[in-house]
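This is what each chain is made of:
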Amino acid sequence: MIEIGRLAVKISGRDAGLKCVVVDVLDDKFLLIDGETRRRKCNILHIEPLKDVVKIKKNASHEDIKKEFEKLGLKVRETKSKQKTERPRKKRKTPEQLREQKEEKRKLMDVFKKKKEETVKGKGEEKPAEKTGGSLEEKAGLVEEKKKPVKEKGKEPKKAQKKDSKPVKK
Amino acid sequence: MPEPYKRSRTLRRLQVKVPGGATRRHYKERKPKNAKCGSCGNVLKGIPRERPLKMHKLPKTKKKPTRPYGGNLCSKCTRTLIVEKARLQ
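Residues numbered from 1 in each chain as written. Chains lettered and ligands numbered in written order. Predicted model: local features only at pLDDT ≥ 70, side-chain atom pairs only at ≥ 80, totals over all residues.

J.: Let's hear about the overall build of chain A: which residues, and what values?
T.: Summing up its helical and strand segments, chain A has three helices and five strands in all. Along its sequence from the N terminus, chain A presents helices and strands in the succession β-β-β-β-β-α-α-α. Looking at chain A residue by residue over its 170 residues, the buried ones come to 14%. Contacts in chain A between residues at least 24 apart in sequence constitute 45% of all its contacts with a sequence separation of at least 6. (Helix = DSSP H or I, 4+ residues; strand = E, 2+ residues; numbered from the N terminus. Buried ≥ 20, exposed ≤ 12 C-beta atoms within 10 Å, placed from the backbone. Contact = placed C-beta atoms within 7 Å.)

Structure (structure tokens):
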């Protein structure tokens, strides 16, 4: 029943339900099969023989089996060996690239700075006008003195920090 | 009185030894039932008994056998089914 060229169906494993051909009988237990399945050693109990027999030689090559299968209208499983790809490795950025990065950052920072200054100026002009109108002379003077420096302090240290931080990065 | 959800039996109870040395009762969600074969009803092997969230995190090959009908039929039933199909042709 089981001979070289016998068509069979694989019953077990991940190739179960696929058709194959017996290429070689290794011993009383094992066969070499090929076809829709992978070319592999296989237990006799793990295939169900069919009635058709294909004319092939013992240890026939994969290409011969492919020709025979094409006659029957079946497709052979093609396995491709994996191409070795180089492991991606991190590269240090060249000084030119770093410079470009910094320039881009500076441009962004400048845009934000301009916006901030505009907003701050707008607020600064409006507030003191209101205060002078509302309060007493002495109190108004005190309030203005107190509040103005606070704002200036708020502005200055931020700028100073940014200015300081840039040279440090350089 | 414990909280209402701890009074019902929806959560399973564990006796856990805490670092201080005392045993304390912990409440955990119950695991789902074992997966079973669609034709014979036997318990399927190779399928972990975990909640959906944990199953979601597992790799594909650890969730079910890679053979056809894997995860639905047991190996014996798939064999008989495939053999029957082959003999009918």
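J.: So what about the environment of Gly 5 of chain A? Which residues, and what values?
T.: Residue and element names in this part refer to chain A. Positionally, Gly 5 belongs in the segment before β1 (6-10). The partly exposed category is assigned to Gly 5, around which 17 C-beta atoms lie within 10 Å. Setting aside anything within four residues of it in sequence, one finds Gly 5 in contact with Val 21, Val 22, Val 53, Val 54, Lys 55 and Ile 56.

J.: Summarise the nonpolar core; cite the residues concerned and give the values.
T.: Residue and element names in this part refer to chain A. By size, the foremost hydrophobic cluster in this structure holds 18 residues, and its most contacted members are Ala 8, Val 21, Val 22, Ile 33 and Ile 47. Elements with a contribution of two residues or more to this core: β1, β2 (19-25), β3 (30-35) and α1 (62-72). Per-element tally for this core: the top contributor is β2, with four residues. Sequence-distant contacts of Val 22, defined by excluding residues within four places in its chain, comprise Ile 2, Glu 3, Ile 4, Gly 5, Arg 6, Ala 8, Leu 31 and Ile 33. (Core = buried A, V, L, I, M, F, W, Y, C linked by C-beta atoms within 7 Å.)

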